[in-house]
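Residues per chain, in single letters:
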Amino acid sequence: MRDFLPAEKARRERVLSVIRERYRVHGFDEIETPVMEDHARLHAGIGGDNEKLAYNVLKRGLDADTVRAAADDPAALADLGLRYDLTVPLARFYASNRADLPGVFRSVQIAPVWRAERPQKGRYRQFMQCDIDIIGDASSRAEVELITATLDTLDTLGLEGGSVRINDRRILDAMLEHFGFPVDERPGVLITIDKLDKIGPDGVGAELRGRSSVPEAVDGFVSFLSREPAETGGFGEAAIRGALPDGLGGEAIDSLARIGEAVAAARGAGVPLEFDPFLVRGMGYYTGTIFEVAHPSVSYSLGGGGRYDGMIGRFLGQEVPAVGFSIGFERIVDLVADREDGVRDAVVVVHDRDVPVTELAELKARLIGQGRRVRLEQRPKNLKPLLDRATADGYSHFAAVHAGADADSLELKPLG
């Protein structure tokens, strides 16, 4: 959990303002949910490993005997917890407010979440998530809207050239069935496959042999991992089928092909999609399409998401289709080039000690009325540290002011 100095906070807010604006023009509406949810909802078995990282909030009024008696049962001690993502709160929000929402609801949530991570580079215990979700649309149009809005947002932030790795949980399940993995073993098998980028085919094979009760299934899958992929080129039905075991078909492949065609039409220059048959994404609530956004400047993903048609039904009592895409804000903010547009007219007014406060107040009001950002600073003995600090805080100019100075006659000198 970090502190942010003024210049860094300002930078983060500039990036967030771009993200908000691009999502708005794509028809998404921003909502806000509480930072805490019911403990039972956060630990309903749909959050994957993130449930283990949730911060729980103790019930009020517990005495020492009660705590000792329930020491091995967190659910008996906690009734609330800090949200570890924004998807579980959104599902509860929709179930609670459905009567006041449109049939197809396009949501934006931009807010901090908390996970009890082991702090390291790129992993924080409090971090910002930027989610867009579409609830109530079972068609591939929803995925197309999410993908095009996300890529457009990255382009506007100066991160052109982004692409999306895409797969479908139904394809993964069909592939595991093809190789002969039992139904009850498949969730664990997917956890291992999700490590492919880190441990490679040999590591996946070794872990699967220790996990699966069907050696023939493991051997077939590892052999498939090591094959030379078919040379089909582009993104479409032929490319998808060429990346899968022979004979696999179904609606999921047709759906991915339609998504590719629509995204290409929206983008107007090629298809920024790549089919990855081994993309898993670890959240237990995904039921269909899954995706991650990549950028050539970095080796890690900048966000991801997928379809989670089964989640809202847990709270509402009936199935509601839903799909979402989350941008990794903490990763993106470090890649975005800082822009000077917002600080062009930021002025530090360095005044003498004897300038009356009424004159300073009037001068500051005049400069602000001209569209400038203004900070008042009394002149110190050594001016350089003050000006260096102003530059670091995003100010572009300074002006020296004495008693009787007029806003129209100020000489603005550039900083830096």
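Refer to the structure presented above.
1. What to know about the overall build of the protein
In terms of helices and strands, the protein carries 16 helices and 15 strands. For the protein, the C-alpha atoms occupy an extent of roughly 90 × 65 × 45 Å along the three principal directions. For the protein, the proportion of its 416 residues judged to be buried stands at 45%. Contacts in the protein between residues at least 24 apart in sequence constitute 67% of all its contacts with a sequence separation of at least 6.

2. Quick look at the pattern of salt bridges
On inspection of all chains with the given rule, the structure shows 35 salt bridges. Between Arg-141 and Glu-145 there is a salt bridge whose closest N-O contact spans 3.9 Å. Of this pair, Arg-141 and Glu-145 both sit in helix H6 (residues 141-156), four residues apart, roughly one helical turn. Residue class for Arg-141 comes out partly exposed when judged on its relative accessible area of 44%. By relative accessible area, Glu-145 is classed as buried at 19%. A salt bridge links Glu-377 to Arg-375; its shortest N-O distance comes to 3.9 Å. Taking relative accessible area as the criterion, Glu-377 reaches 24% and is therefore assigned partly exposed. What you see here is one network of salt bridges that share partners, running through Arg-165, Asp-197, Asp-276, Arg-281 and Glu-292.

3. Focus: helix H5 (residues 87-97)
Burial analysis of H5 places eight of its 11 residues in the buried class, the great majority of the element. What H5 keeps buried is the set Thr-87, Val-88, Pro-89, Leu-90, Ala-91, Arg-92, Phe-93 and Tyr-94.

4. A few points about the environment of Gly-188
The topology assignment puts Gly-188 in helix H8 (residues 186-193). A residue is classified by how much of its surface remains accessible, and Gly-188, at 14% relative accessible area, is buried. As a C-alpha pair, Gly-188 and Ile-312 span 124 residues in sequence and 24 Å in three-dimensional space.

5. Observations regarding the sheet that holds strand S12 (residues 346-351)
With respect to topology, four strands assemble into an open sheet ordered S13-S12-S14-S15, the strand pairing being mixed. Two strands lie at the open edges of the sheet, namely strand S13 (373-378) and strand S15 (413-414), each paired on one side alone. Looking at chain direction, S12 and strand S14 (residues 397-401) are connected through five bridges and run parallel. For Val-350, the partnering residue across the bridge sits in S14 and is Ala-400. Helix H15 (residues 357-369) rests against S12, S13 and S14 of the sheet, and its axis sits at about 155° to S13. Helix H16 (residues 383-392) rests against S12, S13 and S14 of the sheet, and its axis sits at about 160° to S12.

6. Some words on the pairing of strand S5 (residues 105-114)
Regular strands place side chains that alternate from one sheet face to the opposite one. Among the 10 residues that make up S5, nine are buried, leaving the element largely enclosed by the rest of the structure. Note: strand S1 (residues 29-30) against S5, two bridges, orientation parallel. Paired with Asp-29 across the bridge in S5 is Ser-107.

7. Things to note about H16
By the burial criterion, the buried members of H16 are Leu-386, Leu-387 and Ala-390. Projected onto a plane normal to the axis of H16, the buried residues spread over an arc of 95° and lie on a single side. Tucked inside the fold, the buried residues of H16 contact S12, S13 and S14. The distance from a side-chain oxygen at the start of H16 to the backbone nitrogen of Lys-384 is 3.3 Å, and the residue carrying that oxygen is Asn-382. Positive backbone phi, at 100°, marks Gly-394, one or two positions downstream of H16.

Rules used throughout
Residues numbered from 1 in each chain as written. Predicted model: local features only at pLDDT ≥ 70, side-chain atom pairs only at ≥ 80, totals over all residues. Heavy atoms only, no water. Helix = DSSP H or I, 4+ residues; strand = E, 2+ residues; numbered from the N terminus. Buried < 20%, exposed > 50% of the residue type's maximum accessible area, 1.4 Å probe, protein only. Contact = heavy atoms within 4.5 Å. Salt bridge = Lys/Arg side-chain N within 4 Å of Asp/Glu carboxyl O. Pairing = 2+ DSSP bridges. Axes fitted to C-alpha atoms, helices over the stretch in contact; angles between N-to-C directions. Arc of directions from axis to C-beta. Polar contact = N/O pair within 3.5 Å; in protein donor to acceptor, adjacent residues only side chain to side chain.

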